[in-house]
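Take a look at the letters that make up each chain.
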Amino acid sequence: MKDIGLRVRDADAQTDRPEGAAVGGATTLGDVLAVLRRQCLPLVLLTLLGLMAGAVHHVTTPKQYYVAATVLVDERPVALDQEITASIPFARNDTSLLNEMQVLRSLQLATEVARRLDLHNEDIFVFPPSSLARDIISGAKGTLTGLISSDAAEEAQIAADSAADEARRLRGAAAKLQRDIRISRIGMSFSIEISYIGHDPALAADIVNTYASAYLDDGLNANVESTERTAAWMRNRLAELEESSAAALEEAAVMRREQPQNVMELRDLAQRAATLDALYQTLSARYAQISLQGSFPVSNGRILTESLVPRTAALPKLWRTLSVMGLLGLMAGFLLAVLREMREQGFRVSSDIHTHTDHAFLGHLPRMEPKSATSGRPQGQVPPQFLWAVDMPQSTFAETLRNIHATVALGATDGLGRVLAVTSMLPGEGATTLAVNYANMLAASGARTMLIDLGTGDAGLREALNLPGSAGLIDVLHSKAQVSDAMRRLDVTGLDILPAGAGRRQPVAADIVYQRHLRALVQELRNHYDHIVLDTPALGTTADVKAMLGLLDRIVLVCAWGQTPRSLVTRYLAQEPDVSQKVLGIALNKVNMAKLARYARPGWPESYLQPNAHNA
């Protein structure tokens, strides 16, 4: 029996979850569609940019014309070749055709065509027009080469002097022609297609037609040269046979006079002379046949079709250029979208809060339009952004504040006033706006509410709300003023506000006396108010909130939508467990409601929110 090991894990135990893992496990089609929705702008823009670049490239690219000629290769093997072909015909035939294709691709034939057409003096062939993109690339490459090499001018002069040499220019034109010409077999036949793409249609047609005729002429010349070499060898051999035969006859005559009794040697000499004579006659007949064949050389091929001057350009093709450039633009847009997704480090949807912090998600606070500066407002006028929840009770902003209040009420355990701190991780994330709106909403509902500004600078609620007077919380804690003298009331909602006061002070965490007096003040205010809302400094910049934990019932953490780094919030709450226990939940502020649904999977709450709900 094999032992079976079981691993039992406590259901309540916290498991390590990789940062950034989506709720629901692996990436789904919904995730991909959500990414495409929110990244559609770079995809569309770069695709359109690619199409525009393709259109510009098509317009600025010189036209090119395709021409082709067809040559049929005839095979006229000798008797020995016929015997070999009878046994392995396909191998022999294919080999011969491949040999002819190599002749067509040879530099020698390209040089002959370049010489006939004087291509090395044709500017459109030697210096063909190029597209705008190629000109830009060539210019950049030339500039870079000039910066790197100090001998560029000297090399250019040497190149110019060398270019004056006609033989060298002819070889250069032939090499270019050999590179650009295309030789291909047509199916399984013995027909070869000679094709070329050039900027001048007439010159392109002349090139392929001249190539075909030069190939046939090359075959004729090769046959003539082969026949001449064979005939020359036969003439030399006939002369040698004639001399050998004459020598044998003369030797036989001498021996017949001087040694008539030597019958055997005379017979051998006579037989040798007869053999040489027969070989001479045979070789002489063959020489006459070859001489006659050399007088009438036969080409080993013929031209099937000649190229006509094309009327329409083959390149560039608009659809091909647009397709390639559009695809490149789409790939660039996809790469940009991936980079933008990798740069996404903020909170966007409720699942981000649950995944990275294990805290409750309190709701979305839509982004408000910036208001004009309050310094020029009349005394007593409250800026509209601080009364948003009161003036628009059906908006998403007000609904989020009501959700925060309901969550606070669920956690209440006594009848004393609830002390709620509103803070953020970094300055400028909208904690003050949320605190003022929340306190105004409670006060407008009839609850006795106090809002205390615990900011450490001169600018605070007094300036933001245009409150009169100069005394504030600092004066109260230092026994320079009474609470009733420092407190201000908003007539619109009946909210009592205790501003921070004028003058700078040291942080709460460094002032023991301040902490003791503040603790006593809050305990006293608990007996007179249903709700006490504290507008506190940011968690990531000061330790004030940590120093005041004993005063607080709960903390509402405000994070800017898509801006507050998730890693910063996660690490802070993990390293400060006492603060984390007090955190009621996290609210996302400055949310772009029109783009929110792009970050949600189908079926998530954010996919059902109305983009204009904050204006309701």
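Up top is the structure.
Note that the structure is a prediction, hence the values are computed from the model and not measured.

Asker: I would appreciate a short explanation of unusual backbone geometry in the present structure.
Answerer: Leave glycine aside and you will find that most residues have negative phi; peptide bonds, for their part, are mostly trans. Here Leu315 and Pro316 are connected by a cis peptide whose omega angle stands at -5°. In this fold, Pro316 is placed in the loop between β4 (301-305) and α12 (318-343). We note that Asp118 has phi near 55°; this positive angle belongs to a residue other than glycine. By the element assignment, Asp118 lies in the loop between α5 (107-117) and α6 (123-126). In this structure, Asp358 is a non-glycine residue whose phi angle is positive, near 60°. Looking at where Asp358 falls in the secondary structure, it is placed in the loop between α13 (350-357) and β5 (361-366).

Asker: How do you make sense of a positive patch on the surface when you look at a structure like this?
Answerer: Residues Arg340, Arg343, Arg367 and Lys595 make up a contiguous surface patch of positive charge. For Lys595, the position within the fold is in helix α24 (residues 593-596). A relative accessible area of 36% means that Lys595 is categorised as partly exposed.

Asker: Help me understand helix α2 (residues 40-60), please; the structure alone is not making it clear to me.
Answerer: Residues spaced three or four apart along an α-helix face the same direction, because each turn holds 3.6 residues. The first and last C-alpha atoms of α2 sit 30 Å apart over 21 residues, in line with the 30 Å expected at 1.5 Å per residue. Those residues of α2 that fall on the buried side of the exposure criterion are Pro42, Leu43, Gly50 and Gly54. The arc enclosing the buried residues of α2, seen along the axis, measures out at 105°, which places them on a common side. Facing away from the buried side of α2, by more than 90 degrees, are the exposed residues Leu41, Met52 and Val59.

Asker: Hey, could you run me through a negative patch on the surface in this one?
Answerer: On the surface, Asp118, Glu122, Asp123, Asp165 and Glu166 cluster together into a negatively charged patch. Here Asp123 lies in helix α6. Looking at Asp123, the relative accessible area reads 55%, which means it is exposed.

Reading the values: the criteria
- Residues numbered from 1 in each chain as written.
- Predicted model: local features only at pLDDT ≥ 70, side-chain atom pairs only at ≥ 80, totals over all residues.
- Heavy atoms only, no water.
- Helix = DSSP H or I, 4+ residues; strand = E, 2+ residues; numbered from the N terminus.
- Patch = residues over 30% accessible without salt bridge, like charges linked within 9 Å, V, L, I, M, F, W, Y side chains within 5 Å.
- Areas by Shrake-Rupley, 256 points an atom, 1.4 Å probe, with all protein chains shown as cover.
- Salt bridge = Lys/Arg side-chain N within 4 Å of Asp/Glu carboxyl O.
- Lys, Arg positive; Asp, Glu negative; His and termini not counted.
- Charge placed at Lys NZ, Arg CZ, Asp CG, Glu CD.
- Buried < 20%, exposed > 50% of the residue type's maximum accessible area, 1.4 Å probe, protein only.
- Expected span 1.5 Å × (residues − 1).
- Arc of directions from axis to C-beta.

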